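The lines below spell out each chain.
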Amino acid sequence: MKPFIPQLVYFEPNALEYPLGKQLWQKFTDMGLEIRKTTSHNQVRNIPGDNELEKYRVAKSTLVVGIRKTLKFDTSKPSAEYAIPLATGCMGHCHYCYLQTTLGSKPYIRTYVNLEEIFNQAQKYISEREPDITRFEAACTSDIVGIDHLTHSLKKTIEFIGKTNLGRLRFVTKYHHVDHLLDAEHNGHTRFRFSINSKYVIKNFEAGTSPLEQRIQAAKKIAQAKYPLGFIIAPIYIHENWQEEYTDLIKKLSDALAPISVPDLTFELIQHRYTKPAKKVIQERYPNSKLEMNEEDRKYKWGRYGIGKYVYPDDEANAIKDLMQLNIKKYFPQAKVEYFT
Ligand code: SF4
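Residues numbered from 1 in each chain as written. Predicted model: local features only at pLDDT ≥ 70, side-chain atom pairs only at ≥ 80, totals over all residues. Heavy atoms only, no water.

Engineer: So what's going on with the overall build of the chain? Which residues, and what values?
Structural biologist: If you tally the helices and strands in the chain, you get 11 helices and 18 strands. For the chain, the C-alpha radius of gyration of 20 Å lies close to 20 Å, the compact-globule estimate for 341 residues. Computed over 49 positive and 40 negative side-chain charges, the separation of the two mean positions in the chain equals 2 Å. (Helix = DSSP H or I, 4+ residues; strand = E, 2+ residues; numbered from the N terminus. Rg over C-alpha atoms; globule rule 2.2 N^0.38 Å. Lys, Arg positive; Asp, Glu negative; His and termini not counted. Charge placed at Lys NZ, Arg CZ, Asp CG, Glu CD.)

Spelled out as structure tokens, the structure:
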């Protein structure tokens, strides 16, 4: 899988006042990419395409270079105190991705060049919470690793957090383009998580992301670079031979990681769930998807703002939990496991 190259690039004019903005302008000019100007990263108009579906596809490979004006970070409970805003949007085409609903009509990828301002704000949050640790999540609104070979803003953030005493960083990725991050001075303050899944799920629902083998090889490199490592297995989805495939997945991971020491390994397990609005968007954007979302096969769970989600009924949810926990206990007895429904 080749690293992401945008098909089209937009710049907010003010982005050129920042060193990273200037560098990216030069880089994309040298690469011969089509560059356009936009007044605001929130209002990118004229994305090419004859219909909504085509426009969506082009938007997913459009990069907008802008300035993050809102420096109030969103909260990201329970796994982190704050979401650090480095980018928004992703080039992947995972059918189940929640960004489809949260980003609505703006599925293009935005990268923010005012890193110093973002870091100053992060430092303020860290200082406010002293002597407690402050955790930042960098993948709430994007797969930041997937674009970082172009911007290196994640690398700079890892090094910034590495220098703080009380800051911690975490993110998750489905991309394997990590080589430039291996020599970052992380100081053990960044937890690098890889999202992995069964062969069936990756093949059918995760178009435009790195193959499993490459994700696992990248995880090995990350562990060898002494980053704290974790895996997210999500969404755990019931399909033909799901027990065998998820068992194979954990075994494969164990074989790959066996030669190296991985202290403090974590697993986060999340069963497949969906909301009615998400189902509608998925069916519009991926009309041929095999993703099964039949309300009669699910259990309704009340959610915030009146938008409940459809989860697996208890017997299936328990079967998922038992299988995953059994396998992880067998192959990774020391790992910390968290399960979310
Ligand atoms: S890689 Fe992650 S952020 Fe990107 S589309 Fe897939 S699930 Fe969404």
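Once you've had a look at it, read on.
Engineer: Lay out the nonpolar core in plain terms, naming residues and giving numbers.
Structural biologist: One finds Phe136, Leu154, Phe171, Phe231, Ile233, Tyr246 and Phe267 to be the most contacted residues of the largest nonpolar core, which totals 97 residues. When residues in this core are grouped by element, the largest group, seven residues, is from helix α9 (residues 242–257). Those residues in contact with Phe136, other than ones at most four positions away along the chain, are Phe73, Ala80, Tyr82, Ile84, Ala122, Tyr125, Ile126, Ile161, Arg168, Leu169 and Arg170. Counting residues in hydrophobic clusters, the runner-up holds eight residues, among them Leu8, Tyr10, Ile47 and Tyr108. (Core = buried A, V, L, I, M, F, W, Y, C linked by side-chain atoms within 4.5 Å. Buried < 20%, exposed > 50% of the residue type's maximum accessible area, 1.4 Å probe, protein only. Contact = heavy atoms within 4.5 Å.)

Engineer: Give me helix α6 (residues 153–163): which residues, what numbers.
Structural biologist: Judged by how many residues are buried, α6 sits mostly within the fold: eight of 11 residues are covered. Those residues of α6 that fall on the buried side of the exposure criterion are Ser153, Leu154, Lys155, Thr157, Ile158, Phe160, Ile161 and Gly162.

Engineer: So, the UniProt feature "domain: Radical SAM core" (unreviewed entry) in the chain: which residues are in play, and what are the values?
Structural biologist: The UniProt feature table records "domain: Radical SAM core" (unreviewed entry) at residues 76–304. For residues 76–304, the end-to-end C-alpha separation is 15 Å, with 36% helix and 23% strand making up the annotated structure. (UniProt positions renumbered as here; feature names shortened; annotations may be inferred.)

Engineer: Talk me through the environment of Ala225; I want residue IDs and the actual numbers.
Structural biologist: With respect to the helices and strands, Ala225 occurs in the loop between α8 (212–224) and β13 (229–236). In sequence terms Ala225 and Ala184 are 41 residues apart; their C-alpha atoms lie 8.9 Å from each other. Ignoring sequence-local partners within four residues, the contact set of Ala225 consists of Leu182 and His186.

Engineer: Any details on the site of the ligand? Residues and values, ideally.
Structural biologist: In the vicinity of the ligand, the contacting residues are Cys90, Gly92, Cys94, Cys97, Leu99, Asp143, Lys174 and Thr209. Class assignment of the residues belonging to the shell around the ligand gives a composition of four nonpolar, two polar and two charged. (Near = heavy atom within 4 Å. Nonpolar A, V, L, I, M, F, W, Y, C, P; charged D, E, K, R; others polar.)

Engineer: Kindly report on the layout of surface pockets, identifying the contributing residues and their values.
Structural biologist: Of the pockets and cavities examined, the second largest pocket occupies roughly 310 Å³. Lining the second largest pocket are 17 residues, with Glu52, Tyr56, Ser105, Pro107 and Arg285 positioned closest to its centre. Put simply, the parts of the chain that give the lining of the second largest pocket at least two residues each are α2 (52–59) and α10 (276–285). In terms of residue count, α2 provides more of the lining of the second largest pocket than any other element does, five residues in total. Counted by class, the lining of the second largest pocket contains eight nonpolar, four polar and five charged residues. (1 Å grid on protein atoms, 1.4 Å probe; cavity = no way out; pocket = protein on both sides within 12 Å on 5 of 7 lines; lining within 4 Å. Points joined across faces, edges and corners; volume = space filled by probe spheres on them.)

Engineer: Break down the sheet that holds strand β17 (residues 309–311) for me, with residues and values.
Structural biologist: In a beta sheet, neighbouring strands pair by backbone hydrogen bonds and run either parallel or antiparallel. The three strands lie next to each other as β15-β17-β16, forming an open sheet whose pairing is antiparallel. This sheet does not close on itself; its edge strands, each paired only once, are β15 (274–275) and β16 (299–301). Bridge count between β16 and β17: three bridges; the pairing is antiparallel. Within β17, the position partnered with Lys299 by the bridge is Val311. (Pairing = 2+ DSSP bridges.)

Engineer: Can you lay out the environment of His41 for me, pointing to particular residues and giving the numbers?
Structural biologist: For His41, the location among the structural elements is in the loop between β2 (34–37) and α2. Taking the C-alpha atoms as reference points, His41 and Thr102, 61 residues apart in sequence, are found 16 Å from one another.

Engineer: Which residues make up empty space enclosed by the protein, and what values go with them?
Structural biologist: The full count for this structure, using the stated rule, is one cavity of 30 Å³ or more. Surrounding the largest cavity, Tyr56, Lys60, Cys90, Leu99, Gln100, Leu103, Gly104, Pro107 and Arg285 form its lining. Residue classes in the lining of the largest cavity are distributed as five nonpolar, two polar and two charged.

Engineer: Pulling in residues and values, what's your account of the sheet that holds β13?
Structural biologist: The strand order across the open sheet formed by eight strands is β4-β5-β9-β10-β11-β13-β14-β18, and the pairing between neighbours is mixed. One side of each edge strand has no neighbouring strand; the edge strands of this open sheet are β4 (75–76) and β18 (336–340). The sheet contact formed by strand β10 (residues 167–173) and strand β11 (residues 190–196) spans five bridges and is parallel. Paired with Thr173 across the bridge in β11 is Phe194. Along the sheet, α6 makes contact with β9 (134–137), β10 and β11, crossing β10 at roughly 150 degrees. The sheet contacts of α9 involve β11, β13 and β14 (266–271), and relative to β13 the element is tilted by about 165 degrees. (Axes fitted to C-alpha atoms, helices over the stretch in contact; angles between N-to-C directions.)

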